[in-house]
Amino acid sequence: MPTVEERVIAVTARVLQIDPSEIGPNSAFSTDLGAESVQSIELVAMFEEEFGIEMDEDAALAVQSVGDAVEFITKTCKEQGVEV
Amino acid sequence: MSDTKKTHPLVDCTEPNLLEETFNYDLPPLIRFDGPVMETIDGQPVEFDPAALRTRPIVITDTTFRDGQQARPPYSLEQMVHIYDLLSKLGGPNGVIRQTEFFLYTQNDRATLDRCRELGHRYPECTGWIRAVPGDFRLVKEAELKESGMLTSCSDYHIFQKLKFKSRRQCMDSYCEVVDAAFEAGVRPRCHLEDITRADIEGFVLPFVERLMRMSEQVPEELSVKIRLCDTMGFGVSFPGVELPRSIPKLIYKLNREVGVPSERLEWHGHNDFHKVHTNAAAAWLYGCDAANTTLFGFGERTGNPPLEGAVIEYIALKGDLCGIRTEVITELADYMRSIGLPIPDHYPLVGKAFNTTRAGIHAGGLRQDERIYNIFDTTKLLGRPPRVALTDKSGADGVALWVNEFFGLEGKDRISKIKVHKVARWVNDQYEKDGRMTAISDEELEAQVKELMPEYWAKYKG
C-alpha cells in the first residue's frame, strides 16, 4: 500500500500536471511547483477525495509544502478515524 | 508645520474596533460632527452649527415632474401618478419628501395633478411651476394650489441677455408685479432665483430679496415668499473660503441672516455640471437652507439635479434615524423607472445593477468572511439588494463560493466552502485562461455550471 507521502505526491502531480519525480517533501506548492490560486483549491479538494476526509478550509490552504501536507493529512485522518 | 506635528502611539488591541457608533450596519453610515463649521464672511469669522441638523426641520423637495421631465420625453399620466405614489411611500408619514412641483400648462398637466391629489396623500404636497407672468397665476388658482414656483432669474446673463430688460430696476419691478399677482390670487410665490451663482449678489439679489421680504410682511404668513436658490449652471461651491457668488455658505448666510429669510423658506436647487450636485445640496442644508430640491436618480436638465435617493440616504445619515422613510422603495422606484425606459448605469450608487457587486477575488474573499467589509450598509435590509459578486478572471474561488452561496441562499454554517466549488472555479478560470474570454460571466451561465458540476448540492437546494 502506498504511503501518505506517495499518495500526496501522486495527487499533486495529477492536479498540477507535472512529473512525480519533480516533487519532494520540501517542494512548496506555490513557489516550487507553480500552483496557482484555483489549483490550490483543487489540491485540497483532491486530497479530501483521495483520503476520504474533510479538511478545515483555512488551515488546509495555509499548508505550504508537500511535507507539511503529509503531516496535516495524517493528523486529520487520525482525528477523523481514517486509516492510512 | 513643525508646530502642529504630533506623535501618535499605536493603540494596540486584540478585538477590532469597528466604529459602530458611526458605521451601524443597520443604517447608512452616520455623519457625526465634533465642532462648528467656520466661514469668513466680509472679513468676520462666522460659526455654523452642523450638529443642529439633527433637530432642524430639513426636508427634501422634488422636481422630477418639472426639471426631471425637461430632460426626457414626457411621462404618461399613469406613469406620473405611479411615481408620485411611490414618492409618497418613500418619504413616509413625516413628509421627509415634502413637496413636488407640476407644470400647469396643458390639459394633461392639470389632469395629472388632479389624479395625484386624488390618491389622498398628505405628502409630497403638490405645488406648481409657472413663468414670471401675472396671468399664469390664474392657472395656479384654478388648480387650487397653495404654492407655485416662478422664474425670477437674477444674473445679468438672464436679466439682460436672455430676458432683455433695459435695467435691473425694470426687471425687479416686473418680478415684484408678478409676486403681487400671486398674493392677490392667494397663492404663495416661491421665487426661483435662477443663475444665482453667477449673479451680482450685493447689487441685485440681496436688494431684490429684501424687497420680497418687505412685501411678505404685508400678507398672511402662509403667503410669504419662499426663496429657491437655483444653481442653474452648477457653479456653486460648498467649501469655505470661496468668494461670492459661487460660495454656497455665503449665499445662504446673506439671505438667511442678513436679509432675514427664515430657513424654512429657503430651498437649494442644484445642477451637476461639475460633479458637485449632491454635496452642494447637503451643504445648503448645513448652512441654513431647510429644503433641498432633487429629482429621482438625478435626472434633469443637462447634467441633472441632486439625486433624490442620495438626499434620502444623506438625510438618514444626518438625522441618525429612518424618520419614517421606507428606503426599500428606492429600489422599487429604480425598477419602475427601468421598466419605462429610463436608463440607469450599472455603477450608479444605491440602485445601479452593480452598485454592491464586487468583481475582485480579494474583495469577494472579504465579503465571504463578513459582508460588512465590502458592503456600504445592510443593503439587503434597507434596499432589498444583497451584496453580490460578478465573476471574471479576477474573482477567484472566493468569488465563486460567494456567488454559489448567494444563489442557494445559504448562510452561516450552512455556507459551502470554496473547496467544494472547485469545479466551478476551474470552469470560470478556464473561460479566461484557455478560451480567452473578455466579458463577465452571466448568472445564467453560472447557474448551468452549478447544476452540472455540483449536482449533489443542486439536488439538495434546488431539486
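For clarity, every value in this text was computed on a predicted model and none was experimentally measured. (Residues numbered from 1 in each chain as written. Chains lettered and ligands numbered in written order. Predicted model: local features only at pLDDT ≥ 70, side-chain atom pairs only at ≥ 80, totals over all residues.)

## Topic: the overall build of chain A
No. 1: The number of helices and strands found in chain A is four helices and zero strands.
No. 2: Rg of the C-alpha trace for chain A: 12 Å, near the compact-globule value of 12 Å for 84 residues, within the 12% margin.
No. 3: Across its three principal axes, chain A shows a C-alpha extent of roughly 30 × 30 × 20 Å.
No. 4: The buried share of chain A, reckoned over its 84 residues, is 31%.
No. 5: Taking contacts inside chain A between residues at least 6 apart in sequence as the whole, the part at least 24 apart equals 55%. (Helix = DSSP H or I, 4+ residues; strand = E, 2+ residues; numbered from the N terminus. Rg over C-alpha atoms; globule rule 2.2 N^0.38 Å. Buried ≥ 20, exposed ≤ 12 C-beta atoms within 10 Å, placed from the backbone. Contact = placed C-beta atoms within 7 Å.)

## Here we look at the nonpolar core
Residue and element names in this part refer to chain B.
No. 1: I60, I227, I252, A284, V312 and I330 are the most contacted members of the largest nonpolar core, which has 91 residues in total.
No. 2: The dominant element in this core, judged by the number of residues it contributes, is helix α9 (residues 277-287), at eight residues.
No. 3: Residue assignment places this core across two domains, with domain 1 (37-339) and domain 2 (357-461) each supplying three or more.
No. 4: Once residues within four sequence positions are removed from consideration, I227 is found in contact with C191, L193, V209, L255, V261, R265 and L266. (Core = buried A, V, L, I, M, F, W, Y, C linked by C-beta atoms within 7 Å. Domains from an automatic or database assignment.)

## Quick notes on the domain arrangement of chain B
Residue and element names in this part refer to chain B.
No. 1: Examined at the domain level, chain B breaks down into domain 1 (37-339) and domain 2 (357-461).
No. 2: A C-alpha centroid distance of 44 Å is found between domain 1 and domain 2.
No. 3: In this assembly, four residues from domain 1 lie in contact with four residues from domain 2.

## A short note on helix α15 (residues 422-433) of chain B
An α-helical turn contains 3.6 residues, so any two residues separated by three or four positions project in the same direction.
No. 1: Here α15(B) is 12 residues long and its end C-alpha atoms lie 16 Å apart, about the 16 Å a rise of 1.5 Å per residue gives.
No. 2: If you check which residues of α15(B) are buried, you get B:H422, B:V424, B:A425, B:R426, B:V428 and B:N429.
No. 3: Each element contacted by the buried residues of α15(B) is listed here: α2 (37-51) of chain A together with α14 (396-408) and α16 (443-453) of chain B. (Expected span 1.5 Å × (residues − 1).)

## Looking at the pairing of strand β2 (residues 44-48) of chain B
Side-chain direction in a regular strand flips from residue to residue, so the side chains alternate between the two faces of the sheet.
All names here are of chain B.
No. 1: Of all five residues making up β2, only zero are buried, and the element is barely covered by its neighbours.
No. 2: Both strand β1 (residues 37-41) and β2 contribute to a ladder of five bridges, which runs antiparallel. Paired with M38 across the strands is E47, a residue of β2. (Pairing = 2+ DSSP bridges.)

## Things to note about the sheet that holds strand β10 (residues 291-294) of chain B
Residue and element names in this part refer to chain B.
No. 1: Pairing is parallel around the closed barrel formed by eight strands, whose spatial order is β3-β4-β5-β6-β7-β8-β9-β10. Between one strand axis and the next, the sheet turns by 25° as a mean value, whatever way the strands run.
No. 2: Taken together, the four bridges between strand β7 (residues 188-193) and strand β8 (residues 226-230) define a ladder with parallel strand orientation. Bridge pairing in β8 places R190 opposite K226.
No. 3: Here α9 sits on the sheet and contacts β9 (266-269) and β10; the angle it forms with β10, its principal contact strand, is near 165°. (Axes fitted to C-alpha atoms, helices over the stretch in contact; angles between N-to-C directions.)

## Topic: the interface of chain B and chain A
Accessible area lost during the coming together of the parts is what is often quoted as the interface size.
No. 1: Taken together, the contact pairs nine residues of chain B with eight residues of chain A.
No. 2: Mapped onto the side of chain B that touches chain A, the elements with two or more residues apiece are α14 and α15 of chain B.
No. 3: Here the side of chain B that touches chain A gets four residues from one element, more than from any other, and that element is α15(B).
No. 4: Class assignment of the residues belonging to the side of chain B that touches chain A gives a composition of three nonpolar, four polar and two charged. (Nonpolar A, V, L, I, M, F, W, Y, C, P; charged D, E, K, R; others polar.)

## Notes on helix α7 (residues 201-216) of chain B
Residues and elements named next belong to chain B.
No. 1: Considered for burial, the residues of α7 that qualify are F204, V205, F208, V209, L212 and S216. Axial view of α7: buried residues confined to an arc of 105°, hence all on one face. Exposed residues on α7 whose side chains face more than 90 degrees from its buried face are E202, G203 and R214. (Arc of directions from axis to C-beta.)

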